[in-house]
Amino acid sequence: MARALALMSGGLDSVLAAKIIADQGIEVTGLCFKSAFFGSKNAEKMAAQIGIPLKVVDFTDEHLAMTKKPKHGYGKNMNPCIDCHAMMLNYAGKIMEEEGYDFLVTGEVLNQRPMSQNYKSLEIVKEESGYEDKILRPLSALNLPPTQMELSGMVDRSKLLGFNGKTRKPQMALAEKLGIVEYPSPAGGCSLTEPNFAARLKDLYEHDKENADAHDVRLLRVGRHFRLTDKAKAISTRNEEEYKVLRELITDDMLIFDTAEYSGSTVVLKTSKGHKASKDEIELAAAIAARYSKARDEESVLVKYKKQKDSEYEFVRVKPADDGELKNMML
């Protein structure tokens, strides 16, 4: 029996592609990648829904390094989709060889995304993966040249599809036909495609790209972010749930700010590696804490701050930050 390794993002396209091949009597195993920008939960649910096993590979460090300098640039936001797909297929190809699979399956649809899934881009992904003769795209196969797997009879080309373009209606109709009733929206999955997250990541890379790591990326998802100076930013929590998440991400080099006499937001001051927070940066972070507290209308507010391991607080008295000033700093 032929064996295929199907790349699964957790979206509808990739699960349909895997199902189409599995329904030809081919043994299919799903393969999902995890990084600082996307996880495996949706893929786990989708693989279970169609009854195939799933391998999960964490390539956080390598993927993060690639996003800092993608060969083919970014998409609409900070998504280097061409480089990302080629990287995944290269990893998948190595696993295919090591574990005796016959070919790779992806859910890419011709022209679904104008930059990363036009014909030229799909060809670049194939070539740069290093496994161009082993990649099958079942959803758009009838609009692409036959692959080695189809020509040899391993895969029945007549049972493949010719999807083309942005519309999702054919996929949704096929999902209903195949009994796939639960799937995420196409907008979900990768943080790099989200405008707000992308703006924060761009700011991080502009100010501290060399040192940026997975921990810095996780911080981008929490609270309000403010660029104070080239070397410092502040993060302000909006509620108790965000505070709980942020608390787990606070490191020993960060300063933590809270108003001393009122309840309100916790603010952390994060500086670039090797930079000690200046007096102005400390006062700005304190002013943000004051603004997002019950003392926001006061003329003068006492704010306490310290590092996580410090036993004693330091104090600074500030005027709450002006909303116009905050708007200019907010990411």
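Before any of the text, the structure's been laid out above.
Predicted, not measured: the structure shown is a model, and the values here were computed from it.

S.K.: What exactly am I supposed to notice about the layout of surface pockets here?
M.R.: Where empty space is left becomes clear once a probe the size of a water molecule has been rolled over the atoms. In this structure, the second largest pocket encloses a volume near 280 Å³. Around the second largest pocket, the lining comprises 16 residues; the ones closest to its centre are Asp253, Leu255, Lys276, Ala277 and Lys307. Counting residues per element, the lining of the second largest pocket draws most heavily on strand E10 (residues 301-307), at three residues. Considered class by class, the residues forming the lining of the second largest pocket number five nonpolar, four polar and seven charged.

S.K.: Looking at this model, I keep getting lost on the sheet that holds strand E11 (residues 314-318). Mind explaining?
M.R.: Paired through their backbone hydrogen bonds, the strands of a sheet run either parallel or antiparallel. Ordered by their spatial adjacency, six strands build an open sheet running E6-E7-E9-E8-E10-E11, and the pairing between neighbours is antiparallel. On the outer flanks of this sheet lie strand E6 (224-229) and E11, each paired with one strand and no other. When strand polarity is set aside, the average angle formed by the axes of neighbouring strands in this sheet is 25°. Its contacts with the sheet place helix H11 (residues 279-291) against E6, strand E7 (232-236), strand E8 (255-259), strand E9 (267-271), E10 and E11, and it is angled at close to 40° to E8.

S.K.: Any chance you could explain the pattern of salt bridges here in plain terms?
M.R.: Where charged atoms of side chains with opposite charge meet at close range, the side chains can pair. For the coordinates displayed, the defined rule picks out 15 salt bridges. The shortest N-O distance in the salt bridge between arginine 168 and aspartate 13 comes to 3.6 Å. Of the two residues, arginine 168 sits in the loop between helix H6 (148-151) and helix H7 (169-178) while aspartate 13 sits in helix H1 (residues 12-22), which places them 155 residues apart along the sequence. Aspartate 13 carries the same exposure label as arginine 168, and that label is buried. Its salt-bridge partner being arginine 291, residue aspartate 323 comes within 2.6 Å of it at the nearest N-O pair. Of the two residues, aspartate 323 is situated in helix H12 (residues 323-329) and arginine 291 in helix H11; the sequence distance between them amounts to 32 residues.

S.K.: Honestly, the environment of alanine 141 in this entry has me stumped. Any pointers?
M.R.: With respect to the helices and strands, the residue alanine 141 is situated in the loop between strand E5 (135-136) and H6. Given a relative accessible area of 3%, alanine 141 falls into the buried group. Sequence spacing of alanine 141 and glycine 162 is 21 residues, and the spatial spacing of their C-alpha atoms is 5.8 Å. Apart from the residues lying within four places of it in its own chain, the contact partners of alanine 141 are Glu150, Arg157, Leu160 and Leu161.

S.K.: What is the right way to look at helix H2 (residues 41-50) in this model?
M.R.: Residue pairs spaced three or four apart in an α-helix point in one direction, given the helix's 3.6 residues per turn. Along H2, the residues that are buried comprise Ala43, Met46, Ala47 and Ile50. Axial view of H2: buried residues confined to an arc of 100°, hence all on one face. Opposite the buried face of H2, by more than 90 degrees, sit the exposed residues Lys41, Lys45 and Ala48. Packing partners of the buried residues in H2 comprise H1, strand E2 (27-34) and strand E3 (54-58). A positive backbone phi angle near 75° is found at glycine 51, which sits one or two residues after H2.

S.K.: Mind showing me how you'd approach the packing of aromatic side chains here?
M.R.: Under the defined criterion, the tally for this structure stands at seven aromatic pairs. These aromatic residues form a ring-pair network of at least three members: Phe33, Phe38, Phe59 and Tyr91. Over the ring of tyrosine 292 we find arginine 291, and its NZ or CZ is 4.9 Å from the ring centre. Directly above the aromatic system of tyrosine 313 lies the positively charged group of lysine 306, at a separation of 5.4 Å from the ring centroid.

S.K.: So what exactly am I meant to see when it comes to unusual backbone geometry here?
M.R.: In most cases, non-glycine residues show a negative phi, while peptide bonds are predominantly trans. In this model, asparagine 111 sits at a positive phi of 65°, which is unusual for a non-glycine residue. With respect to the element layout, asparagine 111 can be found in the loop between strand E4 (103-105) and helix H5 (119-129).

S.K.: What is the right way to look at the nonpolar core in this model?
M.R.: Proteins that are soluble and globular tend to have nonpolar side chains buried together. The biggest cluster of nonpolar side chains holds 38 residues, and the ones touching the most others in it are Phe33, Phe37, Phe38, Leu104, Leu201 and Tyr205. Taken together, the elements giving at least two residues each to this core come down to strand E1 (3-7), E2, helix H3 (60-68), helix H4 (81-99), H5, helix H8 (195-208) and helix H9 (214-219). In terms of residues, this core owes the most to one element, H4, which gives nine residues. In contact with tyrosine 205, not counting residues within four places along its chain, are Phe37, Leu64, Thr67, Lys68, Tyr74, Met78 and Ala212.

S.K.: What should I look at first to understand the side chain of threonine 237 in this one?
M.R.: Its place among the elements puts threonine 237 in the loop between E7 and helix H10 (240-249). Excluding residues that lie within four positions of it along the chain, threonine 237 makes contacts with Arg224, Glu242, Tyr243, Leu246, Ser265 and Thr266.

S.K.: How should the sheet that holds E4 be read in this particular structure?
M.R.: Strands sit in the order E3-E2-E1-E4-E5 across an open sheet of five strands; the sheet is parallel. Each end of this open sheet is capped by a strand with a single partner; those strands are E3 and E5.

S.K.: In this structure, what is going on with the packing of H1 against H7? I would like to understand it.
M.R.: Geometry of a packed helix pair, given as the angle between the helix axes and the separation of the axes. Following both chains from N to C, one finds H1 and H7 inclined at 50°, their axes separated by 11 Å at the closest point. With respect to H7, the axis of H1 lies oblique. At the point where H1 passes H7, the crossing takes the left-handed sense. On H7, the residues touching Leu12, Asp13, Leu16, Lys19 and Ile20 of H1 are Gln171, Met172, Leu174, Ala175 and Leu178. The class makeup of the residues in the contact of H1 with H7 is seven nonpolar, one polar and two charged.

Reading guide: rules and limits
- Residues numbered from 1 in each chain as written.
- Predicted model: local features only at pLDDT ≥ 70, side-chain atom pairs only at ≥ 80, totals over all residues.
- Heavy atoms only, no water.
- 1 Å grid on protein atoms, 1.4 Å probe; cavity = no way out; pocket = protein on both sides within 12 Å on 5 of 7 lines; lining within 4 Å.
- Points joined across faces, edges and corners; volume = space filled by probe spheres on them.
- Helix = DSSP H or I, 4+ residues; strand = E, 2+ residues; numbered from the N terminus.
- Nonpolar A, V, L, I, M, F, W, Y, C, P; charged D, E, K, R; others polar.
- Pairing = 2+ DSSP bridges.
- Axes fitted to C-alpha atoms, helices over the stretch in contact; angles between N-to-C directions.
- Contact = heavy atoms within 4.5 Å.
- Salt bridge = Lys/Arg side-chain N within 4 Å of Asp/Glu carboxyl O.
- Buried < 20%, exposed > 50% of the residue type's maximum accessible area, 1.4 Å probe, protein only.
- Arc of directions from axis to C-beta.
- Phe/Tyr/Trp six-rings, centres within 6.5 Å; stacked < 30°, edge-to-face > 60°.
- Lys NZ or Arg CZ within 6 Å of the ring centre and 35° of its normal.
- Core = buried A, V, L, I, M, F, W, Y, C linked by side-chain atoms within 4.5 Å.
- Parallel < 35°, antiparallel > 145°, perpendicular 65-115°, else oblique.
- Left-handed = near helix turned anticlockwise from the far one by under 90°.

Structural measurements only, silent on function.
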